[in-house]
Amino acid sequence: SKRNYSADALGKPVSDQERLCAICMVSTRDAMLQPCGHGGFCFACGKTLVATHSNCPLCREPIASVLHYDPRASVTRDADGRAVIVADRSAGALV
């Protein structure tokens, strides 16, 4: 299963411009699409993608849900050193 997390979610240094949502270019990136794992979007734009039954704008996979995370939170690592993102809420597609 592939995971492509945004640099800001992984705690890598990024500029203020790179922290903005790639869709609205106003809000801070704080969301990750599922199941593909792509980020770079704000939670509001992610919820819109889910509500409109859109595919991921990066890989074109269907979106099942969007996870919200706190971009200011410190990055947690698993036993293999991979970044673990802790979501504090989610929004899923209505069936």
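About the criteria used
Residues numbered from 1 in each chain as written. Predicted model: local features only at pLDDT ≥ 70, side-chain atom pairs only at ≥ 80, totals over all residues. Heavy atoms only, no water. Helix = DSSP H or I, 4+ residues; strand = E, 2+ residues; numbered from the N terminus. Buried < 20%, exposed > 50% of the residue type's maximum accessible area, 1.4 Å probe, protein only. Contact = heavy atoms within 4.5 Å. Areas by Shrake-Rupley, 256 points an atom, 1.4 Å probe, with all protein chains shown as cover. Polar contact = N/O pair within 3.5 Å; in protein donor to acceptor, adjacent residues only side chain to side chain. Pairing = 2+ DSSP bridges. Core = buried A, V, L, I, M, F, W, Y, C linked by side-chain atoms within 4.5 Å.

A. Structural detail: the overall build of the chain. Regarding its fold elements, the chain presents 1 helix and 6 strands. Burial status across the chain gives 35% buried among its 95 residues. Within the chain, counting contacts between residues at least 6 apart in sequence, those at least 24 apart form 45% of the total. Looking at the chain as shown, the accessible area adds up to about 5,800 Å², and 52% of this sits on carbon and sulfur atoms.

B. Quick peek at the environment of Ser54. Relative to the helices and strands, Ser54 is located in the loop between helix 1 (43-51) and strand 3 (65-69). Among the residues examined, Ser54 registers a relative accessible area of 22% and is labelled partly exposed. Placed 10 residues apart in sequence, Ser54 and Ala64 show a C-alpha to C-alpha distance of 9.5 Å. The contact partners of Ser54, leaving out residues within four places of it in the chain, are Leu49 and Ile63. Reaching out from Ser54, the side chain makes a polar contact with the side chain of Thr52 at a distance of 2.8 Å.

C. Local environment of the environment of Ala87. Tracing the sequence through the fold places Ala87 in strand 6 (residues 87-92). Accessibility expressed as a relative area gives 37% for Ala87, which makes it partly exposed. Along the primary structure Ala87 and Val66 are separated by 21 residues, whereas in three dimensions their C-alpha atoms are 9.6 Å apart. Setting aside its immediate chain neighbours within four residues, Ala87 contacts Leu67 and His68.

D. Representation of the pairing of strand 1 (residues 31-34) within the structure. Burial of the side chains of strand 1 extends over both faces: Ala31 and Leu33 are buried on one face and Met32 and Gln34 on the other. One ladder, built from 2 bridges, connects strand 1 with strand 2 (residues 39-41); its direction is antiparallel. Bridging across to strand 2, Met32 finds its partner in Gly39. Between strand 1 and the antiparallel strand that follows it, strand 2, lie 4 residues; Gly37 among them carries a positive phi value of about 85°. Here 4 bridges tie strand 1 to strand 3, and the two strands are oriented antiparallel to one another. Looking at strand 3, one finds that Ala31 is bridged to His68.

E. Looking closely at the nonpolar core. One finds Cys21, Leu33, Phe43, Cys56, Ile63 and Val66 to be the most contacted residues of the largest nonpolar core, which totals 14 residues. Broken down by secondary-structure element, the contributors of at least two residues to this core are strand 1 and helix 1. Considering each element in turn, this core owes the most residues, 4 residues, to helix 1. Those residues in contact with Cys56 that sit more than four places away from it in its chain are Leu33, Cys36, His38, Glu61 and Ile63.

Purely spatial values, then, with no claim about function.
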